[in-house]
Amino acid sequence: MWGIIGTWAMAEEGIKKAGHFLSNHGSAMDACEVCVREVEKNPAFTSVGYGGLPNEKGRVSLDAAAMDGNTLQIGSVMGVEDFKHPSAIAKDLLNYRFNNVLVGKGAKIHGLKMNLKEENLLTEASKEAWLNHVHAVEQGLSPYDGHDTVCTVAVDVNQAMAAMTSTSGLFFKAEGRVGDAPLPGSGFYVDSEIGGAAATGLGEDIMKGILSYEIVRLMSDGLNPQDACERAVTNLHEKLTRKNKKAGDLSVIAMNHKVEFGAATNIDTFPFVVATDQHLMRGKAHFRASKHSQEIVCTKLL
Ligand code: GLY
């Protein structure tokens, strides 16, 4: 038995490759990386890696994390620049007893020690989007937009689980701003004895509910991944709405150690992709705001 789930349609090619890798007895951790690298290297995906939309200073600043569900070991980088694959640094940090979370310059030094190639990540398209955005903000529009993290949770044939995230974060974010994606518990969490979860959306609000850990906790209480996702998102959405009169975007995926999966959202439509030894599927989670209910629609590709 094996499986992998990823956020957004952008994960589809990566999930297919990672599924093939898992079917050949690849590890859950490596499978997560196979998927995430596919997204990071593609400049068409402007919220992750190469071509990611820049911060307010026009610099592409990336957050990424990896977690090993067997050991609970975590590797995380925040605000790293000039490397296409921040996930590679996060994954390498899993190998150490200390210094598992590195920011900015420290993450960069670690990437250089790994002999990763420094590259300009700002494409012409993302530079143009940034210039247009500067203009729009000058006209009084809201500065913040776009925060779609690629997240994966995987189970391999040895029942090991892993999770990984990678993002350029909020478009036009302040220099030094960090979202949920590299924060354990908020952006991701996985325990091979239970399952894993990961989140995408507005980091500032995802953090308020430690959303990924909450889903894993609910699964450890006996909820299946779908019910755990729905309950965690609904509870946080309602609490934020009650306390602050608004909730930012919250979308989540989860998979348990039995390769059951789930997804939930508080936006109209949240696409995700799943590959298991049984099927390859595109899924969509829908939030029915009037009923405060979730609907999941899955289309089998294989
Ligand atoms: N969810 C990604 C971020 O807020 O940066």
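Everything below is about the structure shown above.
In every chain, residue numbers begin from 1 and rise along the written sequence. Note on the predicted model: pLDDT of at least 70 is required for a residue's local features to be given, and 80 or more for side-chain atom pairs to be given and counted; whole-chain, interface and lining totals, by contrast, use all residues. Values shown for side chains rest on all heavy atoms present in the structure; no hydrogens or waters enter the calculation.

## Things to note about the overall build of the protein chain
Link 1 in the chain: A run of DSSP states H or I qualifies as a helix once it reaches four residues; a run of E qualifies as a strand once it reaches two. Both are numbered from the N-terminal end. Looking only at helices and strands, the protein chain features eight helices and 13 strands.
Link 2 in the chain: In terms of C-alpha radius of gyration, the protein chain reaches 18 Å, essentially the compact-globule figure of 19 Å for 302 residues.
Link 3 in the chain: The principal-axis extents of the C-alpha atoms in the protein chain amount to approximately 50 × 50 × 35 Å.
Link 4 in the chain: For the exposure calls, accessible area comes from a 1.4 Å probe over protein chains only, and a residue counts as buried if that area is under 20% of its type's maximum, exposed if over 50%, partly exposed in between. Buried positions account for 56% of the 302 residues belonging to the protein chain.
Link 5 in the chain: Shrake-Rupley sampling with a 1.4 Å probe provides the accessible areas, and residues are treated as covered by the protein chains on show and by no other component. Here the protein chain has roughly 12900 Å² of accessible surface; of this, 50% comes from carbon and sulfur atoms.
Link 6 in the chain: Considering the protein chain, the positive charge centre built from 30 side chains and the negative charge centre built from 36 side chains are found 2 Å apart. For the radius of gyration, the atoms used are the C-alpha atoms, and the globule rule reads 2.2 Å times the number of residues raised to 0.38. Here the positive residues are Lys and Arg and the negative ones are Asp and Glu; neither His nor the chain ends is included. A charged residue contributes its charge at one atom only: NZ of Lys, CZ of Arg, CG of Asp or CD of Glu.

## Things to note about the sheet that holds strand S12 (residues 280-288)
Link 1 in the chain: Two strands pair under a simple rule: DSSP has to find at least two bridges between them. Across the sheet, nine strands lie side by side as S4-S3-S2-S6-S5-S1-S11-S12-S13; this open sheet has mixed pairing. Strands at the two margins of the open sheet, each flanked by one partner only, are strand S4 (101-103) and strand S13 (293-300). The average undirected angle you get between the axes of adjacent strands in this sheet is 10°. Angles here are taken between N-to-C directions and fall from 0 to 180 degrees, while the axes themselves are lines fitted to C-alpha atoms, restricted in helices to the stretch in contact.

## Notes on the packing of aromatic side chains
Link 1 in the chain: Any Phe, Tyr or Trp ring, taking Trp's six-membered ring, that has another such ring centre within 6.5 Å forms a pair; planes under 30 degrees apart are called stacked, those over 60 apart edge-to-face, and the others tilted. What the rule picks out here adds up to five aromatic pairs.
Link 2 in the chain: Pairing tryptophan 8 with phenylalanine 270 gives two aromatic rings, centres 5.0 Å apart and planes at 85°, and the pair type is edge-to-face. Note that tryptophan 8 is positioned in the loop between strand S1 (3-7) and helix H1 (12-23) and phenylalanine 270 in strand S11 (residues 269-276), a separation of 262 residues in sequence. Phenylalanine 270 shares its class with tryptophan 8; the two are buried.
Link 3 in the chain: Ring geometry for phenylalanine 171 versus phenylalanine 172: centroids 6.3 Å apart, planes at 90°, classification edge-to-face.

## A short note on the layout of surface pockets
Link 1 in the chain: In this structure, the largest pocket spans a volume of roughly 160 Å³.
Link 2 in the chain: Residues are called lining when one of their atoms sits within 4 Å of a cavity or pocket point, these points coming from a 1 Å grid over the protein atoms alone, where a cavity is a set in which a 1.4 Å probe fits but cannot get out and a pocket is an open set with protein on both sides within 12 Å along at least five of seven lines. Around the largest pocket, the lining residues are Lys208, Gly209, Leu211, Glu214, Ala232, Asn235, Leu236, Lys239, Leu240 and Lys243.
Link 3 in the chain: If you tally residues by element for the lining of the largest pocket, the top one is helix H8 (residues 225-244), at six residues.
Link 4 in the chain: Ten residues, namely Ala, Val, Leu, Ile, Met, Phe, Trp, Tyr, Cys and Pro, are considered nonpolar, four, namely Asp, Glu, Lys and Arg, are considered charged, and the remaining ones, Gly among them, are considered polar. Along the lines of polarity and charge, the residues of the lining of the largest pocket split into four nonpolar, two polar and four charged. Grid points are joined across faces, edges and corners, and a volume is the space filled by probe spheres set on the points.

## Considerations on the site of the ligand
Link 1 in the chain: Close to the ligand lie nine residues; Gly169, Arg177, Asp180, Gly201 and Gly203 are nearest.
Link 2 in the chain: For the ligand, a nitrogen atom lies 2.7 Å from a polar atom in the backbone of glycine 201.
Link 3 in the chain: Polar contact criterion, stated in full: a pair of N or O atoms within 3.5 Å, where within protein one must be able to donate a hydrogen and the other to accept it, and residues adjacent in sequence count only if both atoms are side-chain atoms. Within the backbone of glycine 203, one N or O atom sits 2.8 Å away from an oxygen atom of the ligand.
Link 4 in the chain: For the ligand, the accessible surface in isolation is 200 Å², of which the surrounding protein chains cover 100%.
Link 5 in the chain: Using a 2 Å cut-off from the grid points, one finds that the ligand occupies the largest cavity.
Link 6 in the chain: The residue inventory of the shell around the ligand, partitioned by class, reads one nonpolar, six polar and two charged. Whether a residue is near a molecule or strand is decided by its heavy atoms; if any one of them lies within 4 Å of it, the residue is near. Being in a pocket or cavity means that more than half of the molecule's atoms lie within 2 Å of its grid points.

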